[in-house]
Amino acid sequence: MAVYRFRISFEDYDEVIREIDIKSNQTFKDLHFFFHSIIGYDPEKSSSFYVSNDQWIKNEELAYLPTQKKIDREVALVENSKLSKFIDDPHQKFYYIYNFDKPFEFHVELIKILDNNTAIVYPTLFKAVGEAPRIVVPILGFSDEITGDEDDPNFVEDLDVAIADEEELEGLNTDTEGEQEEEEADEFMDEFSDTDGFDQEDLEKE
């Protein structure tokens with residue numbers, strides 16, 4: 001049994017690289033889950049590998065958590081797809097999209113074929129270069145940690161914003177009107193008390 005060494009790099013962060021050794025009879029799901037376990041991403045996101053040529057042109061798709069449309073098209077599933085079945089070239093390439101909602105795209109390239117080492121548990125990390133970019137959490141709960149950039153102009157748009165309902169707005173208007181009436185009454189009494197030659201005795205004589 002052979003062992004494949006894959007180099008996985010971010011398409012937009014080509015300085016970030018992971019090299020993974022994995023047995024030929026393991027599946028693309030094994031590769032998917034192991035890769036995200038070492039970079040710290042949630043693997044439970046809709047994702048796909050695509051068999052590619054040297055120009056990274058996408059061909060056959062291998063899906064994880066596929067949409068209904070893909071299921072209807074009978075797209076192959078990563079859990080049923082052994083790596084060896086899709087290796088036709090000693091430098092076979094796969095285009096890989098993680099999380100179609102907010103995608104990261106990767107290049108996956110076979111760079112070496114090794115003999116199986118029974119002392120090693122596969123898959124295993126062979127080499128790591130660079131730090132994987134953080135993923136912004138779009139919706140915050142009380143226990144969530146903000147990982148985004150507060151200076152980003154789109155940052156506020158990604159958060160839950162509490163909007164006052166009609167009853168709250170009516171209560172706000174009532175409070176404001178009451179404060180205004182109290183201020184007007186105080187002003188009237190101030191003017192009344194400042195009137196020249198007018199006091200309580202004059203009021204009683206009248």
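Shown above is the structure to which this text applies.
For the structure given in this document, a descriptive report is provided here. (Residues numbered from 1 in each chain as written. Predicted model: local features only at pLDDT ≥ 70, side-chain atom pairs only at ≥ 80, totals over all residues. Heavy atoms only, no water.)

1. Let's talk about the sheet that holds strand β7 (residues 104-115)
- Spatial ordering of the open sheet is given by β5-β4-β3-β6-β7-β1-β2-β8, a layout of 8 strands whose pairing is mixed. Only two strands of the sheet have a single neighbouring strand rather than two, namely β5 (76-77) and β8 (124-129).
- With 9 bridges joining them, strand β1 (residues 2-10) and β7 adopt antiparallel strand pairing. Within the sheet, the bridge partner assigned to Val3 lies in β7 and is Leu114.
- Of the strands in this sheet, β1, β2 (17-23), β3 (47-52), β4 (58-64), β6 (93-98), β7 and β8 are in contact with helix α1 (residues 28-39), which crosses β2 at around 140°. (Pairing = 2+ DSSP bridges. Helix = DSSP H or I, 4+ residues; strand = E, 2+ residues; numbered from the N terminus. Contact = heavy atoms within 4.5 Å. Axes fitted to C-alpha atoms, helices over the stretch in contact; angles between N-to-C directions.)

2. What about the packing of aromatic side chains?
- Within the structure shown, the criterion is met by 16 aromatic pairs.
- Judged by centre distance (5.3 Å) and plane angle (35°), the rings of Tyr96 and Phe106 are tilted. Of the two residues, Tyr96 sits in strand β6 while Phe106 sits in strand β7, which places them 10 residues apart along the sequence.
- Overall, Phe106 belongs to the buried group, its relative accessible area being 0%. (Phe/Tyr/Trp six-rings, centres within 6.5 Å; stacked < 30°, edge-to-face > 60°. Buried < 20%, exposed > 50% of the residue type's maximum accessible area, 1.4 Å probe, protein only.)

3. As for the pattern of salt bridges
- Throughout the structure, instances matching the rule amount to 6 salt bridges.
- Residues Glu61 and Lys70 are paired through a salt bridge, measuring 2.6 Å at the closest nitrogen-oxygen approach. For the pair Glu61 and Lys70, a shared accessibility class is recorded, and that class is buried.
- Residues Arg73 and Glu61 are paired through a salt bridge, measuring 3.7 Å at the closest nitrogen-oxygen approach. Pair noted here: Arg73 is in the loop between α2 (68-72) and β5 and Glu61 is in strand β4, with a separation of 12 residues, a long-range link.
- Assessed through its relative accessible area of 52%, Arg73 is described here as exposed. (Salt bridge = Lys/Arg side-chain N within 4 Å of Asp/Glu carboxyl O.)

4. Focus: α1
- Here α1 spans 17 Å end to end across 12 residues, near enough to the 16 Å set by a 1.5 Å rise per residue.
- Phe28, Leu31, His32, Phe34, Phe35, His36 and Ile39 are the residues of α1 that are buried.
- Residue Gly40 follows α1 closely and has a positive phi angle near 90°. (Expected span 1.5 Å × (residues − 1).)

5. What to know about the environment of Val3
- Following the sequence through the fold, Val3 ends up in strand β1.
- Remark: the alpha-carbon pair of Val3 and Asp21, spanning 18 residues in sequence, is separated by 6.4 Å.
- Sequence-distant contacts of Val3, defined by excluding residues within four places in its chain, comprise Asp21, Ile22, Lys23, Lys112, Ile113, Leu114, Asp115, Asn116 and Tyr122.

Distances and angles like these do not, on their own, reveal function.
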